[in-house]
Amino acid sequence: MISLSTPTKPSLHPNNLRLQFRPHNGRLRNTSLNFPRKIKLKITCFAANQPNQQRQKKQKKKTMSSSETEPGIDPVGFLTRLGISDRIFAQFLRERYKALKDLKDEILRRHMNFRDFCSGFELLGMHRHLEHRVDFMDWGPGARYGAIVGEFNGWSPTENAAREGLFGHDDYGYWFIILEDKLREGEKPDELYFQQYNYVDDYDKGDNGMSAEEIFKKANDEYWEPGEDRFVNNRFEVPAKLYEELFGPNGPQTIEELGEMADAETRYKQWKEQHKDDPPSNLPPCDVIDQGKPFDIFNVITTPEWTEKFRGKTAPIPYWLETRKGRLAWLKKYIPAVPHGSKYRLYFNTPDGPLERVPAWATYVQPEGEGKQAYAIHWEPPPESVYKWKSSKPKVPKSLRIYECHVGISGSEQKISTFAEFTKKVLPHVKRAGYNAIQLIGIPEHKDYFTVGYRVTNFFAVSSRYGTPDDFKHLVDEAHGLGLLVFLDIVHSYAAADQMVGLSHFDGSNDCYFHSGKRGYHKHWGTRMFKYGDLDVLQFLLSNLNWWATEYQVDGFQFHSLASMIYTHNGFASFTNDLEDYCNQYVDRDALMYLILANEFLHILHPNIITIAEDATYYPGLCEPVSQGGLGFDYYVNLSASDMWLSLLDSTPDNEWSMNKIASTLMANREYAEKMVVYAENYNQSISGGRSFAEILFGAADNDPSGRKELLLRGTSLHKMIKLITFAIGGLAYLNFMGNEFGHPESVEFPMHSNDFSFSLANRRWELMERGVHHDLFSFDKELMALDESECILAKGLPSIHHVNDANMVISFSRGPFLFIFNFHPSKSYESYGVGVDEAGEYSVILNTDEVKYGGQGLLKEDQYLQRTISRRVDGQRNCLEVFLPSRTAQVYKLTRILRI
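About the criteria used
Residues numbered from 1 in each chain as written. Predicted model: local features only at pLDDT ≥ 70, side-chain atom pairs only at ≥ 80, totals over all residues. Heavy atoms only, no water. Helix = DSSP H or I, 4+ residues; strand = E, 2+ residues; numbered from the N terminus. Buried < 20%, exposed > 50% of the residue type's maximum accessible area, 1.4 Å probe, protein only. Contact = heavy atoms within 4.5 Å. Core = buried A, V, L, I, M, F, W, Y, C linked by side-chain atoms within 4.5 Å. Expected span 1.5 Å × (residues − 1). Axes fitted to C-alpha atoms, helices over the stretch in contact; angles between N-to-C directions. Parallel < 35°, antiparallel > 145°, perpendicular 65-115°, else oblique. Left-handed = near helix turned anticlockwise from the far one by under 90°. Nonpolar A, V, L, I, M, F, W, Y, C, P; charged D, E, K, R; others polar. Patch = residues over 30% accessible without salt bridge, like charges linked within 9 Å, V, L, I, M, F, W, Y side chains within 5 Å. Areas by Shrake-Rupley, 256 points an atom, 1.4 Å probe, with all protein chains shown as cover. Salt bridge = Lys/Arg side-chain N within 4 Å of Asp/Glu carboxyl O. Pairing = 2+ DSSP bridges.

Colleague: So, the side chain of Thr716: which residues are in play, and what are the values?
Modeller: Tracing the backbone through its elements, the reader meets Thr716 in helix 22 (residues 708-729). On the basis of relative accessibility, which here comes to 2%, the residue Thr716 falls in the buried class. If sequence neighbours within four positions are ignored, Thr716 has contacts with Phe698, Val773, Leu777 and Gly855.

The following block contains the structure:
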C-alpha cells in the first residue's frame, strides 16, 4: 500500500469508492488536436535543409521528452491541484499520457487526420458512388474471400465478390467490393468510363444532350490559351518521339551506341536552341536556373505578367461538371445495383468454412425472427423522400432536467411502441412536465428485446423494432423543435455474443473486434469485451459516436457501465481507499485511452456535445480535462443516491433513517458536486427485477384496505420529499425515468420465456396521471421542474448544508436565495423549529409538499407562508427562522426582502 504524503488522506465517496475532485469549470477549450480544412503543400529542398531539419527534430524531441513543458498540458495536473501526492498513480498518469501521444502518432501514420479517423462511416459500409455504382467496404482480417449476397443477386456468393489482391482487400483486412449498376435493355454504355450522375442536388436534371467530345472541345476553346492545348490534344507526342528515338529502327542497338546522356542543363539549352524560332504562343515565358548543388531543386523564373495570369486561372472543373448527368438520366439508363430497401449480408470464406454476416457498419438491420437469419437493409431513399431537418439544435441550458425513456415500453398498449408513437404521445408530455432533455435507452439494434437494448449487435443501426432511420430522425427533430436535447445511452463497454447477427467471430476468427480467451468475455454477463488497443476497433467505436452525432444530430451520450471496460475484473471486485486500485494490473489502460480519445474528439468535432460517465467505481479524474490528466467527461452519475433510497424504503424503518447518511450520500463530493447527475430512482430498480418506489410505498395499501388512507398519505409524502431533496441537494443535472414522475405503480418486465412472452408489464399506464395520488405526484413533479425553469435553482451554485439533526430527523440547507427544510420524522411535528439563515429578511414559501393539490393535508396555513428572521445565531448562521414543520413535509423558502440592520 502506498500512503499519501499529504497531512490528511483524500476525502472519499460515502461508499469509499471514489476520490473527491473539483470539476473543471468548462469543457475542453485548449487542445492540441487540429482538424485542418485545407491541405497546403510546400515544395522544398530536402538536402539543402537537412542539417537544419535535424536540429529542429532534436529540439522537438528534447521538448517533448518533458510533458510539463508543453503549454497547457500536465498529465498529473488535477492531482497537483488537489494536493494529492501518490507516486505510483502519478507515474501511471504520466505513462498513460505518453502512450496516448504514441497512439495519436500511430493514428496519423495511417490516416490523414483525426477527423478522417473518426469518420469511418463515410467510407465503410455501403455507399452510393457517383459513377453509377455502389461501393461496399468492411473489415474482416481473418477471411480469405469476401462477397455481398442479397435479394438483388439471388443471394449468390460469386456475383458480387471482392477482386483479388489490393483492389479487393488491403493488408489490414478491409474488403472492398464494387457493385455496378445494371444497364437497362436497349441502352448503350456511357461515352465516358468515369461518367458521373448527380443523385441528390438537382436530382431531376437530365442529360444536356452534349457529347463528351463537344464538352471537351468547349473546354479547349474557352479555357486554354492559343498553343496551350497542344499537349492536351497531342499528349502522346513527346513519349512517342522518345520511344522512337530509343527503340525505333534507327535507334541505338547497343549500350555503346546509346552513349552518355547529357545532363539536364545541357539538354535544356539544346532544347531552347532548337525552339528559338517557334512562335511565342507555343512557349511559356519560363526559364530554369540550376544552382549546381546536389539534390537541389530548380528555380523557375517567369515574367510577372505570365505568373499573375497563371495564378489567376482556376481549374477547369466546371467543364467536367457539365458532363455530370442528373438522377433521372441515371434511372432511365441503369437499374440500381442495390435498390432501396434490399436485404443483404456479407459472405466470407474462412479457414473454418463459409460464413454469412450482417455487415458491421450496416445502418439498418432486421434482427432474427421466426427462424430466419438476420440481414441488413440498404437504406437509400430517393432524394425527394430523404428526411429534411426542420429544427435547429437547442442551446445547452444552464442546468439539465433529463427525462430517461425507453421507446418500446413508452405506450399504454401491450406491444412494442414505435418512434412515431413516442414522438406523438411522449414528447409533448415531456415538454409539459418541464424537462429540457431526454435520454433514450436501447436505440442501437440489439437481438433480444428483453435485454433492454444493452446487448448491442449492430452499433450503427437504429432498432428496426421501433421504425426506420427516418422515423428516428423525425423523433430527434421534433424533440429539438420542443427545445429538448436528445441524449443516447451508448454501450461501448461490451457487445452481444451472438455470432449470426453481432460482431462475435465476425470474420471466423476470435480476435477481430474482441479479446481472445477468457478476457474476451464478461465474467458475469457472457458478453464480448472489445479490444480497445486495436486501431481498427478504436476507429469503429469512435466513428460510431461521431455517426450518431452527425447523422442523427444527437446532443450527448451517457457511457454505460464504464467499470465493465476499465477493469479486467469488470468492476466486480472490492475497492480500498488506496489509489493503487485505479492503476494496478487489473486496469485496462487501452480502455482508458479510448475514453480519453472519445471525449477529446467529440468535443472538438461537436463543441456543444455533452458526455456523461456511468461508473460505479468513480474512477479518479472522470470529469477533469484531458490536458490535466482526466478522462474529460462533462458529468458523472451518482449511482449511490438511488441505491440509498431503495435501501431505506425497503429495509429500514422510517424512524431509523439517518439524516447524515442522506445528506452525505446525496452530496457525494463537494469538489465534484456540480458535475453530478443525480436521480432518486433509476430504471434498474424497476427493469432489472426490482420494484419502483411507488410499488414499495403504495403496494401495502392494496394489501391493507383498513389503513389505506394512512398508507397513501405516508407514500405520497415520502415520494415527494425524496424527489425534492434529491433534486435540490445535487449538482447541475437531475434525471428521472419515464413514469416515475407520477409514481408508476408497477415494475417493468419485458416479454421473455419466463412470463410466456407477455407484454402486460412492458408498458406505461399514462391514464393514471388523470386521477388520485398519481395525479397529485405528477402535479408536484411538474411544479418542481417549473420552479427550476423560472428560478434556476440548480444553477445557483452548490447547496450549503448547515443543519442536519438525526434526533429530530430534520435537514436544512440553502442554495442561493433559497432555503430548503425537510422534516422526515414519521410522527413528530414542530410548531416553531429554528433553522439558521445567513441573510436577514423576509422569506416566503414557494413550494410546500403538504399542499392539498399535491395530495397533502394542508396543515401549513396561508398566514404562515411569510416568515421574518430573528437576530439569533443558529447553525453557525447570523440569523434564524422559526417555522412550523409538520411531520413528513418539506418547504422551500425564497428570500423576498432583505432587511438591513
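Colleague: Can you explain the nonpolar core? Please cite residues and give values.
Modeller: Counting residues in each nonpolar core, the largest one holds 204 residues, and the members touching the most others are Ile438, Tyr513 and Trp645. Once you skip the residues sitting within four places of it in the chain, Tyr513 turns out to touch Asp138, Trp139, Ala360, Trp361, Leu503, Phe506, Phe530, Lys531, Val537 and Phe540. Core analysis: the second largest hydrophobic core is formed by 16 residues, Leu819, Leu881, Val883 and Tyr893 among them.

Colleague: How would you summarise helix 3 (residues 87-110) if you had to cite specific residues and measurements?
Modeller: The end-to-end C-alpha separation of helix 3 is 35 Å, in line with the 34 Å expected for 24 residues at 1.5 Å each. Of the residues making up helix 3, those classed as buried are Phe89, Ala90, Phe92, Leu93, Arg96, Tyr97, Leu100, Lys101, Leu103, Lys104 and Ile107.

Colleague: Describe the side chain of His429, naming the residues involved and giving the relevant values.
Modeller: Relative to the helices and strands, His429 resides in helix 13 (residues 419-433). Since its relative accessible area comes to 6%, His429 is described here as buried. With residues up to four places along the chain from it excluded, the contact list for His429 reads Tyr403, Glu741, Trp766, Met769 and Phe778.

Colleague: How would you explain the environment of Gly690 if you had to name every residue and give the values?
Modeller: For Gly690, the location among the structural elements is in the loop between helix 20 (684-687) and helix 21 (693-703). Given a relative accessible area of 24%, Gly690 falls into the partly exposed group. When the C-alpha positions of Gly690 and Leu646 are compared, they lie 9.7 Å apart, and in sequence the two are 44 residues distant.

Colleague: Let's hear about the packing of helix 18 (residues 639-651) against helix 19 (residues 659-667): which residues, and what values?
Modeller: Remark: helix 18 packs on helix 19, axes separated minimally by 8 Å, with the N-to-C direction vectors making an angle of 155°. One finds that helix 18 runs roughly antiparallel with respect to helix 19. Seen from above, helix 18 lies across helix 19 with left-handed handedness. Between helix 18 and helix 19, the contacting residues are Ser640, Ala641, Met644, Trp645 and Leu648 on the first element and Lys661, Ile662, Thr665 and Leu666 on the second. Taken together, the residues of the contact of helix 18 with helix 19 sort by class into six nonpolar, two polar and one charged.

Colleague: Before we move on, could you go through a nonpolar patch on the surface and cite the residues and values that matter?
Modeller: A cluster of nonpolar side chains, namely Tyr243, Leu246, Phe247, Ile255 and Leu258, defines an oily patch on the protein surface of about 590 Å² accessible area. Secondary structure elements with two or more residues in the nonpolar patch: helix 7 (237-247) and helix 8 (255-258). Considering each element in turn, the nonpolar patch owes the most residues, three residues, to helix 7. Assignment of secondary structure puts Phe247 in helix 7.

Colleague: Which residues make up the sheet that holds strand 2 (residues 133-139), and what values do they have?
Modeller: Sheet architecture is open: three strands sit in the order 1-2-4, paired in antiparallel fashion. Either end of the sheet is taken by a strand with one partner, and the two such strands are strand 1 (125-129) and strand 4 (174-180). The average angle at which neighbouring strand axes cross in this sheet is 20°, direction not considered. Across five bridges, strand 1 lies against strand 2 in antiparallel orientation. Of the residues in strand 2, the one forming a bridge with Gly125 is Met137.

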